[in-house]
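Residue-level structural notes
Take a look at the letters that make up each chain.
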Amino acid sequence: LAEFAPALRVIALLDKDCAPLVEQGVELLSVSMIENFLLDPDVIYEAIESVRARTPFKTVDDVSAALDAILTEARDAEIGRRTAAALGPAFFYPPSQMAEIGAKVAAFRTSLEQRYSEAAVAAAAASAGTVVDAIGAANRRREEFDGKRVLGTLFARHLHDSTLSRPVFAFYAARRARRRKAVGAYFNQLFDRLTTPPPAKPAA
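A brief look at the structure comes next. (Residues numbered from 1 in each chain as written. Predicted model: local features only at pLDDT ≥ 70, side-chain atom pairs only at ≥ 80, totals over all residues. Heavy atoms only, no water.)

**Side note on the side chain of R82**
Selection criterion: Helix numbering and strand numbering both begin at the N terminus, where a helix is a DSSP run of H or I of at least 4 residues and a strand a DSSP run of E of at least 2. Contact criterion: two residues are considered in contact whenever any of their non-hydrogen atoms come within 4.5 Å of each other.
Tracing the backbone through its elements, the reader meets R82 in helix α3 (residues 75-87). With near-sequence residues (within four places) excluded, R82 lies in contact with D17, C18, A128, V131, V132, I135 and E144.

**Regarding the packing of α3 against helix α5 (residues 118-137)**
In plain terms, the rule: Lines are fitted to the C-alpha atoms to define the axes, a helix being fitted only along its stretch in contact, and any angle between axes, read from their N-to-C directions, falls within 0 to 180 degrees. Each angle is binned into one of four classes, with values under 35 degrees roughly parallel, values over 145 roughly antiparallel, values of 65 to 115 roughly perpendicular, and all other values oblique. Two helices that cross are described as forming a left-handed crossing if the nearer one is turned anticlockwise from the farther one by less than a right angle, and a right-handed crossing if clockwise. Amino acid classes used here: Ala, Val, Leu, Ile, Met, Phe, Trp, Tyr, Cys and Pro are nonpolar; Asp, Glu, Lys and Arg are charged; the rest, including Gly, are polar.
Two elements in contact, α3 and α5, have axes whose closest approach is 8 Å; the angle formed by their N-to-C orientations is 125°. With respect to their mutual orientation, α3 and α5 come out oblique. As α3 runs across α5, the sense of the crossing is right-handed. Residues R75, E78, I79, R82, T83, A86 and L87 of α3 form the contact with α5, whose participating residues are A120, V121, A124, A125, A128, G129, V131, V132, D133 and I135. Among the residues making up the contact of α3 with α5, the classes are represented as 11 nonpolar, 2 polar and 4 charged.

**Here's the deal with the pattern of salt bridges**
Put simply, the rule is: One side-chain nitrogen of Lys or Arg within 4 Å of one carboxyl oxygen of Asp or Glu is enough to make a salt bridge. For every residue, the accessible area obtained with a 1.4 Å probe (protein chains only) is divided by the maximum for its type, and the residue is called buried under 20%, exposed over 50%, and partly exposed between those limits.
Scanning the model with the defined rule gives 12 salt bridges in all. Close ionic contact of D133 with R75 constitutes a salt bridge, the shortest N to O distance being 2.9 Å. Of this pair, D133 sits in helix α5 while R75 sits in helix α3, placing them 58 residues apart in sequence. A relative accessible area of 40% places D133 in the partly exposed class. The class for R75 is partly exposed, based on a relative accessible area of 33%. For R82, the salt bridge is made with E78, and the minimal N-O distance between the two is 2.8 Å. Of this pair, R82 and E78 both sit in helix α3, 4 residues apart, which is roughly one turn of the helix.

**What to know about helix α2 (residues 60-73)**
Condition: The span you would expect from a helix comes to 1.5 Å times its residue count less one. The directions considered for the arc run from the helix axis to the C-beta atoms.
For α2, built from 14 residues, the straight-helix expectation of 20 Å at 1.5 Å per residue is met to within 8% by its first-to-last C-alpha distance of 20 Å. Restricting attention to buried positions, one finds in α2 the residues V63, S64, A66, L67, I70 and L71. Down the axis of α2, the smallest arc covering the buried residues is 165°, so these residues share one side. Away from its buried face, by an angle of more than 90 degrees, α2 presents the exposed residues D61, T72 and E73. As for α2, its buried residues are in contact with α1 (41-47), α3, α6 (141-144) and α7 (147-159).

Structure follows, in structure tokens:
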């Protein structure tokens, strides 16, 4: 029966974060993380409609200015995020032979000192700074910066006293974000790509 059953395609839809990941069965968002879809002044302005009088936002331009200020302040944090991602984590697994542990620890310590040396960190930070500045020049900070951090800062700074809880704010923003043309186009293209059958293999 298995040969007659339709093929079941399974994928993972992940945040893009700092760098693209190319792996079979994995799809990446077009933005750094899902929260970036909400970093739109119109979306946020509509999401706070019920409590707008309790916020400093009287116009969409007010929201835009607040977002831009937070994104500008976030430059160093974004460089740090991308530097850490470039350096990557390090893991140590002690060998089962106890006599080898000391040598393995020494070798691991040496590799750590090289991997996270001042020169290595400085080089990674310089490269990250170039990327972050290019993102700013391309006007893509709302898409590529740490969306979770930016959204959280916006809420804490401007919406915390509005009586709207952060989860409810995120829910309202998400409902409105799905009406954005860019968001709809991305997911429509994604679903079209995933539901289009692969070309038939030529007969042997």
